[in-house]
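An overview of the molecular structure
Chain by chain, the residues:
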Amino acid sequence: MKIVAVLILVFGYLCDGQSNDNSGKANDGCSLACVTQNVGAIGEKVANMAEKITVLESKLQNAENNILELRSLTGGKPQVAFSAALRDSGSGNIGPFNTPTPLRYKRIFSNIGSNYNPSTGIFTALVKGVYFFRFSMFNNLDPTANSVVSLMKNSERLASVWDTSGPDGNDSGSNAVVIHLEVGDSVYVELGTNRIVYDDVMNYNTFSGFLLFTA
């Protein structure tokens, strides 16, 4: 790369010199001074370019080394997996809310790849591929069951678990899907409007997912 840069600069200088020759010999008296000045300017530009190229080559080498290190750790395949429970402490009902609301699973069991955000409860795909997701629900402890949760992809409802009738306040259920995600797609568990779920340190409500393969 350094040699190419120097040749380009010298070629430009020679072309400029040839143009001056064709225009006549009237300025021969100052040609030596002009050549000296031009050569000095070219030398300074070459030195600056060489320094920048050296820096870029160093950055490129560092990037290549980082890629090789990551490949050695992952076998060349991206690794994405997470699992979380609804509460990190305490107990009680969560909800109701006036609008459908993403549940924020705060107790993190694993979050490889950091695709899951416990602050929002949303998993955002950073790798295009096919994923497995599973979620569980434990209904409220009120006299009448009032629990509905759904797995959402962006704004699309994929699967649900619900319990909204009968006096039994100790029901639980789960559901799962295998779906294809593009980079930037979001997946989360949504609590229905005016619905409630219960959880405590037993971690009845969980949300998990992992990358099966890229595609």
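Check the entry above for the structure.
Residues numbered from 1 in each chain as written. Predicted model: local features only at pLDDT ≥ 70, side-chain atom pairs only at ≥ 80, totals over all residues. Heavy atoms only, no water.

Below, the discussion takes up the nonpolar core. Judged by nonpolar contacts, the single largest core of 28 residues is most densely connected at L103, F123, Y131, F133, V149 and F207. At four residues, the largest contribution of residues to this core is made by strand β7 (residues 129–138). Setting aside residues up to four positions removed in sequence, F133 forms contacts with F82, F123, L151, N175, A176, V177, I179, L181, V187, F207, S208 and G209. (Core = buried A, V, L, I, M, F, W, Y, C linked by side-chain atoms within 4.5 Å. Buried < 20%, exposed > 50% of the residue type's maximum accessible area, 1.4 Å probe, protein only. Helix = DSSP H or I, 4+ residues; strand = E, 2+ residues; numbered from the N terminus. Contact = heavy atoms within 4.5 Å.)

With that out of the way, let us pick up the side chain of S83. By the element assignment, S83 lies in strand β1 (residues 81–85). Taking the relative accessible area as the measure of exposure, S83 reaches 19% and is therefore buried. Ignoring any residue separated from it by four or fewer positions in sequence, one finds S83 in contact with R107, I108, F109, S110, F207 and S208.

Time to look at the environment of N194. Tracing the backbone shows N194 in the loop between β11 (186–191) and β12 (197–199). Residue class for N194 comes out partly exposed when judged on its relative accessible area of 44%. Along the sequence, N194 and T101 sit 93 residues apart, while their C-alpha atoms lie 9.8 Å from each other. When sequence neighbours within four positions are dropped, the list of residues in contact with N194 reads P96, F97, N98 and N146.

Another point: the sheet that holds strand β4 (residues 107–112). Adjacent strands of a sheet pair through backbone hydrogen bonds, lying either parallel or antiparallel. Read across the open sheet, the five strands follow the order β4-β1-β13-β7-β10; overall the sheet is antiparallel. In this open sheet, the two strands that pair with only one neighbour each are β4 and β10 (172–181). On average, each strand axis in the sheet is tilted by 10 degrees relative to the strand beside it, whichever way the strands run. Where β7 meets strand β13 (residues 206–214), seven bridges bridge the pair, whose relative direction is antiparallel. Along β13, the bridge assignment pairs G129 with T214. (Pairing = 2+ DSSP bridges. Axes fitted to C-alpha atoms, helices over the stretch in contact; angles between N-to-C directions.)

Let's shift gears to the layout of surface pockets. When its volume is computed, the second largest pocket comes out at roughly 200 Å³. Residue lining of the second largest pocket: L86, R87, D88, S89, I94, F97, T101, P102, L103, R104 and K106, and that is the complete set. The class makeup of the residues in the lining of the second largest pocket is five nonpolar, two polar and four charged. (1 Å grid on protein atoms, 1.4 Å probe; cavity = no way out; pocket = protein on both sides within 12 Å on 5 of 7 lines; lining within 4 Å. Points joined across faces, edges and corners; volume = space filled by probe spheres on them. Nonpolar A, V, L, I, M, F, W, Y, C, P; charged D, E, K, R; others polar.)

Attention shifts here to a nonpolar patch on the surface. A surface patch of nonpolar side chains, about 370 Å² in accessible area, is lined by V178, F210, L212 and F213. Broken down by element, the residue count for the nonpolar patch peaks at three residues, all from β13. Structurally, V178 can be placed in strand β10. (Patch = residues over 30% accessible without salt bridge, like charges linked within 9 Å, V, L, I, M, F, W, Y side chains within 5 Å. Areas by Shrake-Rupley, 256 points an atom, 1.4 Å probe, with all protein chains shown as cover. Salt bridge = Lys/Arg side-chain N within 4 Å of Asp/Glu carboxyl O.)

In terms of burial, β11 is largely enclosed, as six of its six residues are buried. Residues S186, Y188 and E190 line one face of β11 and the alternating positions V187, V189 and L191 line the opposite face, and both faces are buried. As judged from the two bridges shared by strand β3 (residues 101–102) and β11, these two strands associate in the antiparallel manner. Within β11, the position partnered with P102 by the bridge is E190. Pairing analysis gives two bridges linking strand β6 (residues 122–124) to β11, with the strands arranged antiparallel. When the bridges of β11 are listed, T124 appears paired with S186.

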